[in-house]
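# Descriptive analysis of the structure
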Amino acid sequence: MIDAGQVKDPKALQRMLGELESLRRRISDLEDVELEVMERLEDTQVSLDRHVAELGDVESERSTVQAAYEKTAADLQAQLAALQDERRTTASGMPEDLMALYEKLRAQKGGVGAAALRRRECGGCRLTLNASDLGIIAKLPSDEVVRCEECNRILVRTGESGL
Ligand SMILES: [Zn+2]
């Protein structure tokens, strides 16, 4: 335009050159800002990548723990089912009144309604029975229910009772 000689007024030309210069500065400033924004974007991307990686680690650890938990829960469930089966089988041969007594004592005695008599000692309260009590127990028929004098639990006679 200038070379074409279309701007004849030197003041107008000066003004236009001034505007051109200010536009060039503005472009340069904007390029700086763009660069800064891009650098910040890169930093943010790096940080985001790191967080995504951390999240991946945490998720993988969580699924490992979850799998271990589920396996343990399944094992315990299976053990519980086996014990319940065993208990049902054992209880099925028991007289009803004996089971009722056992359940009552179990509720009263912290979950232990019957205890083995071993080496003259009650397995429930650790009382050692004296010779005369042992003598009485020894003479009772095997289907007679024996109770501990101390803790009241059903005493189960065993081969090691010391009778
Ligand atoms: Zn006892």
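Residues numbered from 1 in each chain as written. Predicted model: local features only at pLDDT ≥ 70, side-chain atom pairs only at ≥ 80, totals over all residues. Heavy atoms only, no water.

We now examine the coordination of the zinc ion. For the zinc ion, the full set of protein donor atoms is Cys-122 (SG), Cys-125 (SG), Cys-148 (SG) and Cys-151 (SG), at a range of 2.2 to 2.3 Å. One way to put it: the 4 donor atoms around the zinc ion meet at angles of 107 to 113°, and that makes the site tetrahedral. The sequence pattern formed by the donor residues of the zinc ion is C-x2-C-x22-C-x2-C. Taken together, the positions of Cys-122 in strand β2 (residues 121-122) and Cys-151 in the loop between β3 (146-147) and β4 (154-157) put the pair 29 residues apart, joining distant regions of the chain. Relative accessible area serves as the criterion here: at 0%, Cys-122 is assigned to the buried category. A relative accessible area of 6% places Cys-151 in the buried class. (Donors = N, O, S within 2.8 Å, 3.2 Å for Na, K, Ca; no water. Tetrahedral: all angles 85-135°; square planar, octahedral: opposite > 155°, others 65-115°. Helix = DSSP H or I, 4+ residues; strand = E, 2+ residues; numbered from the N terminus. Buried < 20%, exposed > 50% of the residue type's maximum accessible area, 1.4 Å probe, protein only.)

Summarising the element assignment, Arg-153 is placed in the loop between β3 and β4. Look at Arg-153: it is buried, it has no salt bridge, and the nearest opposite charge is Glu-150 at 9.4 Å. Beyond its immediate chain neighbours, meaning those up to four positions away, Arg-153 contacts Leu-105, Lys-109, Val-112, Gly-113, Ala-115, Gly-124, Cys-125, Val-146, Arg-147 and Cys-148. (Lys, Arg positive; Asp, Glu negative; His and termini not counted. Salt bridge = Lys/Arg side-chain N within 4 Å of Asp/Glu carboxyl O. Contact = heavy atoms within 4.5 Å.)

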